[in-house]
Amino acid sequence: DLDVYQVHCYDHLDWRAPIESPVIETLDRPVWLGEFPTAGSSRTAAEILEAARRAGYAAALGWSAESGDRWSSVERLISALS
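Residues numbered from 1 in each chain as written. Predicted model: local features only at pLDDT ≥ 70, side-chain atom pairs only at ≥ 80, totals over all residues. Heavy atoms only, no water.

**Focus on helix H1 (residues 45–55)**
Here comes step 1: All buried positions along H1 are accounted for by Ala45, Ile48, Leu49, Ala51, Ala52 and Ala55. Mapping the buried residues of H1 onto a view down its axis gives an arc of 165 degrees, with all of them on the same face. Residues Arg53 and Arg54 are exposed on H1 and point more than 90 degrees away from its buried face.
Here comes step 2: Looking at the buried positions of H1, the neighbouring elements they touch are strand E2 (31–37), strand E3 (59–63) and helix H2 (74–81). (Buried < 20%, exposed > 50% of the residue type's maximum accessible area, 1.4 Å probe, protein only. Helix = DSSP H or I, 4+ residues; strand = E, 2+ residues; numbered from the N terminus. Arc of directions from axis to C-beta. Contact = heavy atoms within 4.5 Å.)

**Here's the deal with the pattern of salt bridges**
Here comes step 1: For the coordinates displayed, the defined rule picks out 4 salt bridges.
Here comes step 2: We note a salt bridge from Glu50 to Arg53, for which the minimum N-O separation is 2.5 Å. Taken together, the positions of Glu50 and Arg53, both in helix H1 and 3 residues apart, correspond to about one turn of that helix.
Here comes step 3: The class of Glu50 is partly exposed, set by a relative accessible area of 32%.
Here comes step 4: Within this structure, Glu50, Arg53 and Arg54 form a network of salt bridges that share partners. (Salt bridge = Lys/Arg side-chain N within 4 Å of Asp/Glu carboxyl O.)

In structure tokens form, the structure reads like this:
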């Protein structure tokens, strides 16, 4: 009885499940990219969002608006959405 399936995307996880891999069409609920880096990645937030869109993700949530770590840039995320 899940509402959505959620995965995370970070460069060090790419070998296991590249963001470019299409979402499995036989799943019975939407798949969200529940976390991706908005800074510190080999790709820009805009590139990650575009790859997620092409792969069939229903939503994508950037990390993080307020954490202040090396994976976060709310400014880059806002720029990617513009």
